[in-house]
Amino acid sequence: MGRATPVPRDTLSRSQARRVALRAQGLDRGRPERTGPVTMRQFQQVVDRLGLLQIDSVNVLARAHLMPAYSRLGLYDTGLLDRAAGRSPRRLVETWAHEASFVPPETYRMLGWRRRAYRTQAWGSIRDVPLAHSAEVAEIRRLVAEHGPVTASQIQAYFEAEHPRTRTEWGWNWTVAKRVLEYLFFTGEVASARRNAQFERCYDLAERVLPAAVLDRPEPSDEEAMRALVEIGARAHGIGSMKCLLDYFRLRGPAPARALEELVEDGVLRPVRVEGWARDVYLHRDAIVPRRAEARTLLSPFDPLVFERRRLEELFGLRYRIEIYVPEHKRVHGYYVLPFLLGEDLAALVDLKADRRAGVLRVHSAHRAPGASQASADLAGELAAELRVLAGWLGLAEVQVGAVRAGSSPVAEGATPGGQGEEDSATDRQPPARGDLAIALSDALAREEAAGLETIA
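Residues numbered from 1 in each chain as written. Predicted model: local features only at pLDDT ≥ 70, side-chain atom pairs only at ≥ 80, totals over all residues. Heavy atoms only, no water.

A. Region of interest: the side chain of Arg90. Mapping Arg90 onto the fold places it in the loop between helix 4 (79–86) and strand 3 (93–97). A polar atom in the side chain of Arg90 sits 3.2 Å from the backbone oxygen of Ala85. Within the structure, Arg90 has its side chain in polar contact with the backbone oxygen of Val209 (distance 3.1 Å). Arg90 has contacts with Ala84, Ala85, Pro105, Ala193, Arg208, Val209 and Pro211, leaving out every residue within four places of it along the chain. (Helix = DSSP H or I, 4+ residues; strand = E, 2+ residues; numbered from the N terminus. Polar contact = N/O pair within 3.5 Å; in protein donor to acceptor, adjacent residues only side chain to side chain. Contact = heavy atoms within 4.5 Å.)

See the structure below:
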């Protein structure tokens, strides 16, 4: 890895801007070779660089907040995050940041203005709680104080007779207890002490969750907090438009725009031009341009590098959408699709599922991304190697590309690959893999497996 070149003062090429963004996110280099397990210090370095970890409950592969550390560190013990967020003194706490997120406790204090402004910042089912359930708010405050940490289901048991759980509403069928607890969580009266095995929040009084050293500090003014949040987003992105930088913490309105102007005036941010990027763009003063980008990793749909979809398209040439809520027949790339980063390119999109019962990482589709520079065989080989690493981290023994077999066309859905009279196995009953990279990926995995068997022999 060569030394970084000085940042150009006025104009950056698209390639230079991409490398700035990758360096800022810790994604410009291959994962370091390790002689031992990832430490809490190394995990903390990822958190410090990113500033937050977005939380999402979808567990078709791995929960979203677990993936960014994997993408940058490789195989690591997810218990590090559980310790950081579930034991005192906590290194991470939950709050509404870029959606629901883990943030350092210091950043939690910077978001106090959002908690106070819940009437304009929260959605209706939370915003209306004090008027709709004032008596329950008082009672649940008391119950949390007496019994916390507690889950919403434990609190609901006290209210089931008067406010029974319903299943008739569209969307989230939150109980009264859950609504009240989420209101108290949004406003900061309670916090999440940990998540249980069912991924439920365990609510407790905020003063029993936040580190004492953080509680003892005076809360920053709204102006100071806004400026600090904009800078965290700018440092984590390295380069971006105003929309990119403010989106990191979902900041809107004139206050964050003023904070950005102040950061420019103070030299923390510098306006630059990026070839082909038709918006005003700002470069953080700590940003550098590495000579090359050499990482190979898969990214969660909720990774900070891909937060802002327009930025992704302008910077990497990739139009990327989460298609979880898109009807199956209308999906372009699949249900839970991860971008594959290779060098400075987002070179492929793969729809993955962790089949934990079968011990298989299933690839439902594999597509070359527009503009991928690698030959399909080379790209498939790199992706195959990365999928093996991911499978190992997830504790899965095998990677399977749909029902595609090496050197063959995709097996037609419902067909019997072995000929008439042969009973389909569970593997062969998988739907055919989709995408222009599926067969090459299956072949690459088969070659890897064959090479491994020869080594053992």
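B. Structural detail: the pattern of salt bridges. Per the stated rule, a full pass over the model turns up 34 salt bridges. Linking Glu344 and Arg18 is a salt bridge whose minimum nitrogen-to-oxygen distance equals 2.8 Å. Here the residue Glu344 occupies a position in the loop between strand 11 (337–342) and strand 12 (345–355), and Arg18 occupies one in helix 1 (residues 14–24), the gap between them amounting to 326 residues. The pair Glu344 / Arg18 is uniform in exposure class, with both members buried. Glu231 is the partner of Arg235 in a salt bridge, and the nearest nitrogen-oxygen pair spans 2.8 Å. One end of the pair is Arg235 and the other is Glu231, both in helix 14 (residues 222–237) and 4 residues apart, which spans about a single turn. When its relative accessible area of 39% is taken as the criterion, Arg235 is described as partly exposed. (Salt bridge = Lys/Arg side-chain N within 4 Å of Asp/Glu carboxyl O. Buried < 20%, exposed > 50% of the residue type's maximum accessible area, 1.4 Å probe, protein only.)

C. Looking closely at the sheet that holds strand 13 (residues 360–368). Strand order in the open sheet formed by 5 strands is 10-11-12-13-14, and the pairing between neighbours is mixed. Two strands bound the open sheet, and with one partner strand each, they are strand 10 (296–298) and strand 14 (398–401). Here the strands of the sheet are splayed against their neighbours by 30° on average, with no regard to which way each runs. Where strand 12 meets strand 13, 8 bridges bridge the pair, whose relative direction is antiparallel. (Pairing = 2+ DSSP bridges. Axes fitted to C-alpha atoms, helices over the stretch in contact; angles between N-to-C directions.)

Remember that the coordinates give geometry; whether it matters functionally is a separate question.
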